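The primary structure of each chain is shown beneath.
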Amino acid sequence: MRTAVVTGGGSGIGLAIAERLSKDGYQVAALDLNPPDTGLAPATDVCDRAQVDAALAAVRDRLGPVTILVNAAGTDGFRRFTDLTFAAWQRVIDVNLNGVFHCVQATLPDMLDAGWGRIVNISSSSAQSGQPFMTHYVAAKSAVNGLTKALALELGPHGVTVNAVPPGFIDTPMLRRAEERDQIGGTIEKHIQRTPVRRVGRPEDIAAACAFLVSEEAGYITGQILGVNGGRNT
Ligand code: NAP
């Protein structure tokens, strides 16, 4: 049975991905600041390489080599560029981009040993559209898309695929918090009217795309950016 690690697996999109992969028959461990109470991995900050290495060692110990990685841990931010501190910029880059670096590097040896692996990076539709007051977040998520394309070329010969899923407008605690703070330019209801499929996205929509991309039958798909956004970005 294959083992998958899902970062950010304690909430929202990451939680839905972890649940879906479990349902599909994988052994799944969540790496999160507040992980679900499975006892598989300790609380982990993806920005901290020592914590990531320790968590992966715990997961390997119980579940064996990790050949599937979904990077869903993320944090947003909302600040006019002229008021953005370098510390705030760095934190958003650290979680959303450097966290991906650490988790990929820490799991890759298992995939290379197996000659098989799947990496899916959850980026953001804002990397396609841009988003005012979120320059740090958009920069980080755009970099994740770029990393995905470059790494796919490097790892293709080793049986490892690397793809990105940029979600748009998914009903999670992150989106609800942004709505409460008036950071999404109106209400979710108002945005639904502008969304071609006329609904807000569900975490399960992202989980379905991930379930496909980590499957055996997606082996010829790599370096791709698969938007899941109800048609808001094409
Ligand atoms: P969420 O409900 O806030 O979930 C994010 C999870 O990541 C939380 O469990 C959070 O833990 C965890 N996390 C944050 N920083 C971390 C760190 N340094 N180390 C480990 N875990 C950390 O948000 P979501 O909406 O599901 O977002 C999931 C991913 O989708 C993110 O990468 C986000 O940028 C991306 N995304 C979401 C949307 C959307 O519409 N919702 C759109 C585009 C992209 P805490 O709760 O303890 O902080």
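Draft legend 1. Structural detail: the site of the ligand. As a matter of local geometry, the ligand sits amid 28 residues, with S11, N34, Y137, I170 and T172 nearest to it. A distance of 2.7 Å is found between an oxygen atom of the ligand and a backbone nitrogen or oxygen belonging to I170. The fraction of the free accessible surface of the ligand (890 Å²) that becomes covered by protein chains is 90%. Taken together, the elements giving at least two residues each to the shell around the ligand come down to α1 (12-23), α3 (86-114), α5 (135-155) and α6 (173-180). The element best represented in the shell around the ligand is α6, accounting for three residues. Tallied by class, residues from the shell around the ligand come to 13 nonpolar, 10 polar and five charged.

Draft legend 2. Layout of the side chain of N163. Within the secondary structure layout, N163 lies in strand β5 (residues 160-165). Note on N163: relative accessible area 1%, which makes it buried. Within the local environment of N163, its side chain forms a polar contact with the backbone oxygen of I221, the two atoms lying 3.0 Å apart. Setting aside chain neighbours within four positions, we find N163 in contact with I119, V120, N121, T148, L213, I221, T222, G223 and Q224.

Draft legend 3. The environment of H136, seen in detail. The residue H136 is located in helix α5 in this model. The residues touching H136, leaving out its near neighbours within four places in the chain, are G77, F78, L84, A88, W89, V92 and I93.

Draft legend 4. Just the packing of aromatic side chains, in detail. Counted according to the given criterion, the structure contains one aromatic pair. Between the NZ or CZ atom of R2 and the centre of the ring of W116, over which it lies, the distance is 3.4 Å. Geometry around F169 places R232 over its ring, the cationic atom sitting 4.3 Å from the centre.

What counts as what
- Residues numbered from 1 in each chain as written.
- Predicted model: local features only at pLDDT ≥ 70, side-chain atom pairs only at ≥ 80, totals over all residues.
- Heavy atoms only, no water.
- Near = heavy atom within 4 Å.
- Polar contact = N/O pair within 3.5 Å; in protein donor to acceptor, adjacent residues only side chain to side chain.
- Areas by Shrake-Rupley, 256 points an atom, 1.4 Å probe, with all protein chains shown as cover.
- Helix = DSSP H or I, 4+ residues; strand = E, 2+ residues; numbered from the N terminus.
- Nonpolar A, V, L, I, M, F, W, Y, C, P; charged D, E, K, R; others polar.
- Buried < 20%, exposed > 50% of the residue type's maximum accessible area, 1.4 Å probe, protein only.
- Contact = heavy atoms within 4.5 Å.
- Phe/Tyr/Trp six-rings, centres within 6.5 Å; stacked < 30°, edge-to-face > 60°.
- Lys NZ or Arg CZ within 6 Å of the ring centre and 35° of its normal.

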